[in-house]
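Now for the letters of each chain:
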Amino acid sequence: MRSAARLLKGIFVDIYWMFRGAGIRMPPIPVNPRSILFVCKGSICRSVFAEHLASKIQDKGLVSRMKFGSAGLDVPLPISSPNDAIQCVKPFGIHLENHRSQSISLDLVKSYDMIIAMEVWQYIALQSSFGQQREKLFLLPLLGSKGPTTYSGYAAFNIQDPYGCPPSAFDECFQRISRCIEGLLIRREGLADH
């Protein structure tokens, strides 16, 4: 009985996101952005990983010089990344031991060319708080792939927060962010060449 209810709930969630997702409109990607700020809830897992991964890709010479940063929508005080995040990013050659979260602000938003959220609710919160900067606001799951997505329903539009979940959730989250970041930066380089 419980598995049938879970299956039915999953079907309804997928249908909801099929229609909800169709209404998400983002501005065109800037042709030559010089800076990207990644945003998540607390700036301790997803956005900081995206920042460091993008910098690492740049350090390998795969993209031209850019500034990357990270911030959170709910950061009352600067805090460090959880141990699971610290351990799960090591295979990427990233170290978060010294990271401290920072809260998003209008000054921060104004200082970046692109502001990229991980989830729809964050994208909407950014639009609500920084409506004057709407042309800078983007949703990472919709930027990382040129072709059809392998995700459906909620997952097609959201990179779920792994905080409080087992290490496998961190691994899955970071792999997804990695694919999105690589797709975004490669696409950006292609746009800059034209």
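For the chain, the helix and strand inventory stands at 7 helices and 4 strands. Listing each helix as α and each strand as β along the chain from the N terminus yields α-β-α-β-α-α-β-α-β-α-α. What you see for the chain is a C-alpha radius of gyration of 17 Å, in line with the 16 Å of a compact globule of 194 residues. For the chain, the spread of C-alpha atoms along the three principal axes comes to 55 × 35 × 30 Å. Across the chain, every contact between residues at least 6 apart in sequence was considered, and the portion connecting residues at least 24 apart equals 74%. Of the roughly 10,300 Å² of accessible surface on the chain, a fraction of 57% belongs to carbon and sulfur atoms. For the chain, the distance from the average position of its 22 positive side-chain charges to the average position of its 16 negative side-chain charges is 4 Å.

Time to look at the side chain of Ser35. Structurally, the position occupied by Ser35 is in strand E1 (residues 35-40). Judged by its relative accessible area of 5%, Ser35 is buried. In this structure the side chain of Ser35 is engaged in a polar contact, spanning 2.9 Å, whose partner is the backbone nitrogen of Asp113. When sequence neighbours within four positions are dropped, the list of residues in contact with Ser35 reads Met66, Lys67, Ser111, Tyr112, Asp113 and Met114.

Before going further, it helps to spend a moment on helix H2 (residues 46-59). When the terminal C-alpha atoms of H2 are compared, their 20 Å separation across 14 residues agrees well with the 20 Å that a helix rising 1.5 Å per residue should span. Among all positions in H2, only Arg46, Ser47, Val48, Phe49, Ala50, Glu51, Leu53, Ala54, Ile57 and Gln58 are buried. Of the residues one or two after H2, Gly61 is the one with positive phi, at around 80 degrees.

What follows covers the packing of aromatic side chains. Remark: the centre distance and the inter-plane angle together describe each pair of aromatic rings, the angle taken between the planes. Scanning the model with the defined rule gives 4 aromatic pairs in all. Note on Phe38 and Phe68: the rings are 6.5 Å apart at their centroids and 20 degrees apart in plane angle, and the pair reads as stacked. Residue Phe38 is located in strand E1, and its partner Phe68 is located in strand E2 (residues 67-72); the two are separated by 30 residues in the primary sequence. When the centroid spacing of 4.9 Å and the interplanar angle of 70 degrees are considered together, the rings of Phe49 and Phe92 count as edge-to-face. In this pair, Phe49 is assigned in helix H2 and Phe92 in the loop between helix H3 (83-88) and helix H4 (106-110), connecting sequence segments 43 residues apart. Take Phe49: its relative accessible area is 0%, and that puts it in the buried class. Three or more aromatic residues joined by ring pairs form one cluster here, namely Phe49, Phe92, Phe170 and Phe174. The lysine or arginine in question, Lys67, covers the ring of Tyr112, its NZ or CZ lying 4.3 Å from the ring centre.

Analysis parameters
- Residues numbered from 1 in each chain as written.
- Predicted model: local features only at pLDDT ≥ 70, side-chain atom pairs only at ≥ 80, totals over all residues.
- Heavy atoms only, no water.
- Helix = DSSP H or I, 4+ residues; strand = E, 2+ residues; numbered from the N terminus.
- Rg over C-alpha atoms; globule rule 2.2 N^0.38 Å.
- Contact = heavy atoms within 4.5 Å.
- Areas by Shrake-Rupley, 256 points an atom, 1.4 Å probe, with all protein chains shown as cover.
- Lys, Arg positive; Asp, Glu negative; His and termini not counted.
- Charge placed at Lys NZ, Arg CZ, Asp CG, Glu CD.
- Buried < 20%, exposed > 50% of the residue type's maximum accessible area, 1.4 Å probe, protein only.
- Polar contact = N/O pair within 3.5 Å; in protein donor to acceptor, adjacent residues only side chain to side chain.
- Expected span 1.5 Å × (residues − 1).
- Phe/Tyr/Trp six-rings, centres within 6.5 Å; stacked < 30°, edge-to-face > 60°.
- Lys NZ or Arg CZ within 6 Å of the ring centre and 35° of its normal.

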